[in-house]
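Examination of the molecular architecture
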Amino acid sequence: MPPSSDMATRPSALGRLFRRNETALALCLLLLIAVFGVLSDSFLTTRNMTNVLGQAALPLIAATGLALVVIAGEIDVSIGSLFGAVALPLIVVMNVTGSFALGSAAALVFAFAVGAVNGWLVAYVRLNSLIVTLGMLFVLRGLIYLYTGQRAIPDDAMLETFYQIGNGRFLRTLPYPALIAAAVLAVFLWILRYRRFGRQIIAVGGSPEVARLAGYDVARVKFATFVIAALLTAIAGIIMASRQGSAVHVTGIGFEFQVVAAVVLGGVSLAGGIGSLWGVALGVLILAFLANGLGQLNLPTEWQLVITGIIIIAAVTLDESRRRKR
Amino acid sequence: MAEAPALDMAGIGKRFPGVVALDDVHLRLAPGKVHALMGENGAGKSTLIKILAGVYRPDTGTIRIAGEQVTLQSPRDALARGIKVVFQEIALIEEFTVAENVFLGEYPVGGAGSIRWDRIRADAAALFDRIGFGVDPAARVRDLPMSQQQMVEIARALAHDARIVVMDEPTSSLTPAEVEQLFAVIRRLTSLGIAVLYVSHKLDEIFAIADTVTVLRDGRHISTRPRSEHSEDSLIHDMIGRRIEALYPRTRGPATDRDILRVENLSAPSGLKNISFHARAGEVVGFFGLMGAGRTELAKAIVGFDPLRAGRITVDGRPLAPHDTATGVALGIGLLTEDRKREGLMLDLPVVQNATLAALGKWARGPFVDFAAERRATQDYVDRFNIRTPSLDQPVRLLSGGNQQKVLIARWLMRGLKVIVVDEPTRGIDVGAKSEIFALIDELAGAGLAVVMMTSEMSELLGLSDRIMVMAGGRITAEFPVATATQEAILNAAIV
Amino acid sequence: MSDTAAPRATAPRPARTGQGQGALLAILALLCVGLSLATDTFFSGENMVAILRQSALVLIVAVGMTMLLVSGEVDLSVGASLAFVGCVAMDVTNQTDSFVIGAAAGILFGGAVGLMNGLVVTRLKVNSLIATIATLMMLQGGVYLFTREAVQNGHQLTAFTTLSTGYVGPLPIPVILAALICIAGAVVLRLTLFGRTIYATGANPVAARLSGIRPGRVKLILFVVTGLLTGLAGLILASLMNAGQPTAGRGFELTVVAAVILGGTSLTGGRGTIIGTLLGVLILKVIDNGIIILQWDQNLQMIVPGVVIVLATWLDMVRGRARDG
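In this text, all values refer to a predicted model and were calculated from it rather than measured experimentally.

**Re the overall build of chain B**
Of the regular secondary structure elements, chain B holds 17 helices and 22 strands. In terms of overall dimensions, chain B is globule-like: its C-alpha atoms have a radius of gyration of 25 Å, near the 23 Å expected for 496 residues. For chain B, contacts bridging at least 24 residues in sequence account for 68% of all contacts bridging at least 6.

**Digging into the overall build of chain A**
Helix and strand counts for chain A come out as 15 helices and four strands. The buried share of chain A, reckoned over its 326 residues, is 55%. Pairs at least 24 residues apart make up 77% of the contacts formed inside chain A by residues separated by at least 6 positions.

**Thoughts on the domain arrangement of chain B**
Domain annotation of chain B identifies domain 1 (7-242) and domain 2 (246-494). Averaged C-alpha coordinates put domain 1 of chain B and domain 2 of chain B at centres separated by 34 Å.

**Quick look at the environment of I310 of chain A**
Residue placement: I310 of chain A occurs in helix α15 (residues 302-325). In this structure, the C-alpha to C-alpha distance between I310 of chain A and L90 of chain A, residues 220 residues apart in sequence, is 36 Å.

**Some details on helix α7 (residues 173-191) of chain C**
Between its first and last C-alpha, α7 of chain C extends 26 Å over 19 residues, near the 27 Å set by a 1.5 Å rise per residue. Looking at the buried positions of α7 of chain C, the neighbouring elements they touch are α2 (45-70), α6 (158-165), β3 (171-172), α8 (193-203), α10 (215-241) and α12 (274-293) of chain C.

**Points about the interface of chain C and chain A**
Opposite the 34 residues of chain C that make contact, chain A presents 37 residues. Elements supplying a minimum of two residues to the side of chain C that touches chain A: α5 (128-146) and α13 (300-324) of chain C. In terms of residues, the side of chain C that touches chain A owes the most to one element, α5 of chain C, which gives 13 residues.

**Quick word on the sheet that holds strand β15 (residues 318-319) of chain B**
All names here are of chain B. Taken in spatial order, the four strands of this open sheet run β12-β11-β14-β15, and their pairing is antiparallel. Two strands bound the open sheet, and with one partner strand each, they are β12 (275-280) and β15. Bridge analysis of strand β11 (residues 259-267) against β12 gives five bridges, and the strand direction is antiparallel. From the neighbouring strand, L261 faces β12, where its bridge partner is A279.

**Structural notes on the confidence of the model for chain B**
Per-residue confidence for chain B averages 87 on the pLDDT scale, and 96% of its residues sit at or above 70. For chain B, per-element mean pLDDT is lowest for helix α8 (residues 232-240) of chain B, which scores 76, and highest for strand β19 (residues 419-423) of chain B, which scores 95.

**Points about the nonpolar core**
Residues V419 and V451 of chain B together with I60 of chain C are the most contacted members of the largest nonpolar core, which totals 380 residues. Viewed by domain, this core spans two of them, domain 1 (7-242) and domain 2 (246-494) of chain B, each represented by three or more residues. When sequence neighbours within four positions are dropped, the list of residues in contact with V419 of chain B reads I260, L261, A279, V315, G332, I333, L449, A450 and V452 of chain B.

**Quick word on α8 of chain C**
For α8 of chain C, a buried count of nine out of 11 residues is recorded, marking the element as mostly surrounded by other parts of the structure. For α8 of chain C, the complete set of buried residues consists of G195, R196, T197, I198, Y199, A200, T201, G202 and A203 of chain C. On the buried face of α8 of chain C, the contacting elements are β18 (368-369) of chain B together with α2, α7, α9 (205-210) and α10 of chain C.

**Quick word on the packing of helix α5 (residues 87-97) of chain A against helix α12 (residues 218-244) of chain A**
Residue and element names in this part refer to chain A. Viewed as axis vectors pointing N to C, α5 and α12 meet at an angle of 55 degrees, and their least axial separation amounts to 9 Å. Judged on the interaxial angle alone, α12 and α5 are oblique. Crossing of α5 against α12: the hand is right-handed. Residues A87, L90 and I91 of α5 form the contact with α12, whose participating residues are G237, I238 and A241.

**Overview of the sheet that holds strand β21 (residues 467-472) of chain B**
Residue and element names in this part refer to chain B. One open sheet accounts for six strands, arranged β16-β19-β20-β13-β21-β22; its pairing is mixed. The open sheet has two free edges, formed respectively by β16 (333-336) and β22 (475-481), since each of these has just one partner strand. Neighbouring strand axes in the sheet, compared pairwise and without regard to direction, differ in orientation by 20 degrees on average. In this sheet, strand β20 (residues 450-455) lies alongside strand β13 (residues 284-288) in parallel orientation, the contact comprising five bridges. Bridge assignment links G286 to a residue of β20, and that residue is M453. Running over the sheet, helix α9 (residues 295-302) touches β13, β16, β19, β20 and β21 and is turned about 150 degrees from β19. Along the sheet, helix α14 (residues 401-415) makes contact with β16 and β19, crossing β16 at roughly 175 degrees.

**Describing the packing of helix α3 (residues 46-71) of chain A against helix α9 (residues 176-194) of chain A**
Residue and element names in this part refer to chain A. Where α3 meets α9, the closest approach of the two axes is 8 Å, and the angle between their N-to-C directions is 30 degrees. When the interaxial angle is binned, α3 and α9 end up roughly parallel. Read as a crossing pair, α3 and α9 show a hand that is left-handed. The segment α3 lies against α9, with L53, G54, A57, L58, L60, I61 and T64 engaging P177, A178, I180, A181, V184, L185 and F188. By residue class, the composition of the contact of α3 with α9 is 12 nonpolar, two polar and no charged.

**Comments concerning the pairing of strand β4 (residues 60-65) of chain B**
Residue and element names in this part refer to chain B. Here strand β1 (residues 7-16) pairs with β4 via five bridges, running antiparallel. Bridge pairing links G13 to T60 in β4. Note that β4 and strand β5 (residues 68-70) share three bridges and pair antiparallel. From the neighbouring strand, I63 faces β5, where its bridge partner is V70. Turn length for the β4-β5 hairpin, with the two strands adjacent in sequence and antiparallel, is two residues, and the turn residue A66 shows positive phi of about 50 degrees.

Reading guide: rules and limits
- Residues numbered from 1 in each chain as written.
- Chains lettered and ligands numbered in written order.
- Predicted model: local features only at pLDDT ≥ 70, side-chain atom pairs only at ≥ 80, totals over all residues.
- Helix = DSSP H or I, 4+ residues; strand = E, 2+ residues; numbered from the N terminus.
- Rg over C-alpha atoms; globule rule 2.2 N^0.38 Å.
- Contact = placed C-beta atoms within 7 Å.
- Buried ≥ 20, exposed ≤ 12 C-beta atoms within 10 Å, placed from the backbone.
- Domains from an automatic or database assignment.
- Expected span 1.5 Å × (residues − 1).
- Pairing = 2+ DSSP bridges.
- pLDDT = per-residue confidence, 0-100.
- Core = buried A, V, L, I, M, F, W, Y, C linked by C-beta atoms within 7 Å.
- Axes fitted to C-alpha atoms, helices over the stretch in contact; angles between N-to-C directions.
- Parallel < 35°, antiparallel > 145°, perpendicular 65-115°, else oblique.
- Left-handed = near helix turned anticlockwise from the far one by under 90°.
- Nonpolar A, V, L, I, M, F, W, Y, C, P; charged D, E, K, R; others polar.

As structure tokens, then:
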């Protein structure tokens, strides 16, 4: 067959493995763990490792949701405020009814509403998602302050289930949040690969026009991703509230940046249509181990912010230069 | 016809604000035959296809599929009724595999509602066999060349039991060998009883593949005749209504001897390999090549837009700084891009700002813009070039393609160039405006510029150039003075 | 003869800018009238000056942000930079006992942040949203590494405090500065060659490059300008609070972006005016002021820019649809 007009070639299987973002991230993670393991004695203990997994669970759950939104071609920066805001309906309803189930339900309903508003404005009214969710970020935070009068609302119900969710450990080692995060990750990995809805998300982000031609309801898919992201953020927020034992009005400030950083680091393209949840998970773990390692070395926590910033830039730069070589 | 036609469109009319796209058009497709739809840009072909694809709804007229009257509500609906349109813009999801694209939106699911990837791969492989297409179902669309992406789209048609397959200008990105492959696949489709509507403006292809030809002009149906009843002249006559010679006026004198542009041993990461040529003042050098030959890459490289790996470019003896368009413009070389809307025009800004973009320093009082002077200069070109616009402040988005192109040419003339590189100068422009653009190019050369013209239209190439360079695979493969150039020789040189 | 391009509109559209700003002016007027009727204190000279004073800080940065957005980029790090600048300026003034050096340090620090943003965006080709968020994180972390608590005023230099509290005639100094910067910005954008290159860079960077413009340089300059203006604003803020507060400026970037977009600047670049931004800032600040004198919960002040920004985008979209017919 004579050579075709385009000069594309198919990379070899091994080449593809190395080209994959996930491999690079996994190597980074191992390197990071190795370095900190050497630099600090208390880093490689079971206790510490499981602690990190517990801490990483929260951004991981939220990042899974955000990844769906970004793969679909949009963005959601309101998750920080939502993360803190869900504690309000949760704690208030728990205090009044004495039921964790009802409290969680209230939190999830609240999150659903927020996600629905975001989703409606972006998918149906067709406003820019950055603007909408930036606005929502501030509206929610303002509502939190308004409602709490800038004070924390303590948990008076003292329910055991509520306590266990955030603070308990399975078999006394693995924190429940980590298990929940693993379950969430598994579910959505499966959805993205084996469910039509998952494939629709990727298609819509890759090329909304083609997706429409294939009969996908682009607006509905995007709307759904916002709702899912909000619900997952709510789950993370419920766990956080459990850890704090109250609804603190400043919870979640800056959380959105952490999560966006992990998603971007994980190789999810801001342009949409590309991205793997494995990458996101690795991104979250890298940032979590980094924060923990720095803490073990007694560096002030602010260094985390600085280093995270640098990492984001490095990650995106690498991603860009790799994309251009393609 | 013994059986009902596969498709029967009658009395189709479609208006857009200010424009009548289609007026009482009819089209009848017989199953198992290739029906060509021809017409110049602006004739209404794409509107008709979009109606068939369910993207537009006709204002008047009826559509019958296999005798049954239908209303096509949406692209999904059209697909469900057995109409598959393969557009020029490939409608595939690049990140997905070939197999997944074939079954996009129609995944077979298993027990738990999960997608059955194994069945998708197997079914796709079976479909590819039917059309004689050998590609790995697990290949990612992103990694495939354009010709194979088209095949995936055709396979998708089969997956939907399409009875009508529409191909919209399918060969603009294909080598002659790939065109042959495509024709083979089309013949397979017709042998399966599928009606193929082949939309093109390339005469030689029509003569090779079509059974019947319908010609549209200015939104109206001009003729429908068996291909055997047509000659090249009669087709052209139906399409443009006048003789082809009138299209390429030549008023300029012979080219000078002075080399204005010299390109030496140019190689670039974009795929250019050791290119050398020169262009003289007053000369039009036409570059021909198939898609992927590197014409646009060359155009972008010689003005400094893309980086080089090696080589030297001099304009009137002065060397160009690498990868820097600003010095190029200062030295007098500029590019009129192929994609006006994305790379040339500032769509929401007015005509006057678009026209003066390259020559901002000219009407300056210190750091300030001299508004009166720039308006005068723009008006001057609007008059000279007959640019149709209600005012100088009209956002350029609202002008027609031909007038937009004229604004861009004016932009370069205001700057004052020695060398102008034009890439596909008449893409997306209707016949009437085309001849005006040709006249302008002729005038540019007549004024002493060196014109480097990239084109894939043979008639343009032969009608305008003084010298013809042929490119293939990033190299220059042949050079002909226009007097001795023939279509066959050019095409031969264009194949790697 | 028809053409393959978009169908021609049947009538020319009126100039966009005039129409958009007219609506903003109307909204502003409506708000002022409404508030004057609802309360006694709104229409007093004192209150007017207070509004102008509060607007000044946002406006100074918003002028830079407008030009940056017109060129197609954004800078979300201005809030964090504001805080850091204040701490740096106060600290340097404390140590050198010189207002001039302290002020210069603050402003230049802001400029340096802008330079870094600009280089990351233009050289490393990182999306400006991500890049400036990353800068924001670095600044938020960095300021705490610089100082644990607020940097108090140890120098007691009158010049420092006069910057924010002083008057020139009836107007506070920050207002005069904001007005001058506003005028300068408007002149540059509308009347200069450089302003044209800004619009071109945002409207179509490829076309701009092909025409001999260097979009990278234009954007770099604008990032630095925005940084310097943020430096000035941070200095004024430190003067106002009489301390360098590491926690200052939270949400500042949102207010700035909200005002700029409300004023008609497009997120995608190529469109925007300083006048529009001025009106946007005034509207937001009048609303803020209204919330205070109507004695509504102050936390509403955080909600307002959020809602405004969404409404403004929606309005922009509606205007856009009307424009395209």
